[in-house]
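Each chain is listed here by its residues.
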Amino acid sequence: MPTLPSNKKSNSPLSLEARARTTFAAARIESAKLVEEIDAHINLAQTTLARIKEQHETNRSDLPARLQADEENIHALYAAYSPLLDEVIHQRIQSVDTMKAIVQASEVETRKSRKRLMEKAKARLDDARERHKLAIDASELVKHYKALVLAL
């Protein structure tokens, strides 16, 4: 931004006119620089767009050939691995059937185990309740004897 001459001089018409000329000259120089910079950026953008368009056209023209080659590769792989895939499918079906049989067989055992676990948990809970009851009774008995001893 241009600097304005200082206001130390008087505001005579000549000094105002000189400051105005100086300001306008600085503005013209600054605008000329901006125009040059904008022209450079526009030229760079046009060059970049032209290069991108050229690459796009090249890629677009190569696309059908690449798609055809990829399709041929896929067909070749499918032909080569088709027997293996069929064998894997049969193995997978057999393993799933085996797992189903194991699950069905272990279902009965799981129910029995769950029943035993519930019985043990109930027994432990009952035992804990009984011990708690005995502890409370013992605490009350101690308090009663303490009160008797203090009464004597």
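All values reported here derive from a predicted model rather than from experimental measurement.

Would you take a moment to explain the overall build of the chain for this structure?
Counting its secondary structure elements, the chain contains one helix and zero strands. Relative to a compact globule of 152 residues, whose C-alpha radius of gyration would be 15 Å, the chain shows 48 Å and is clearly more extended. Judged by the C-alpha coordinates and their principal axes, the chain covers about 125 × 85 × 15 Å. Counting over 152 residues, the chain shows a buried share of 3%. Carbon and sulfur atoms provide 63% of the accessible area of the chain, an area that totals close to 14300 Å². Separation between the mean location of the 25 positive side-chain charges and that of the 22 negative ones in the chain comes to 12 Å.

I tried to follow the environment of Glu 37 on my own but got confused; where do I start?
Mapped onto the secondary structure, Glu 37 falls in helix α1 (residues 13–151). Residues Glu 37 and Thr 58 lie 21 residues apart in sequence; the distance between their C-alpha atoms is 32 Å.

Looking at this model, I keep getting lost on a negative patch on the surface. Mind explaining?
A surface patch of like charges, here negative, comprises Glu 30, Glu 36, Glu 37 and Asp 39. Residue position: Asp 39 is located in helix α1.

About the cut-offs
- Residues numbered from 1 in each chain as written.
- Predicted model: local features only at pLDDT ≥ 70, side-chain atom pairs only at ≥ 80, totals over all residues.
- Heavy atoms only, no water.
- Helix = DSSP H or I, 4+ residues; strand = E, 2+ residues; numbered from the N terminus.
- Rg over C-alpha atoms; globule rule 2.2 N^0.38 Å.
- Buried < 20%, exposed > 50% of the residue type's maximum accessible area, 1.4 Å probe, protein only.
- Areas by Shrake-Rupley, 256 points an atom, 1.4 Å probe, with all protein chains shown as cover.
- Lys, Arg positive; Asp, Glu negative; His and termini not counted.
- Charge placed at Lys NZ, Arg CZ, Asp CG, Glu CD.
- Patch = residues over 30% accessible without salt bridge, like charges linked within 9 Å, V, L, I, M, F, W, Y side chains within 5 Å.
- Salt bridge = Lys/Arg side-chain N within 4 Å of Asp/Glu carboxyl O.

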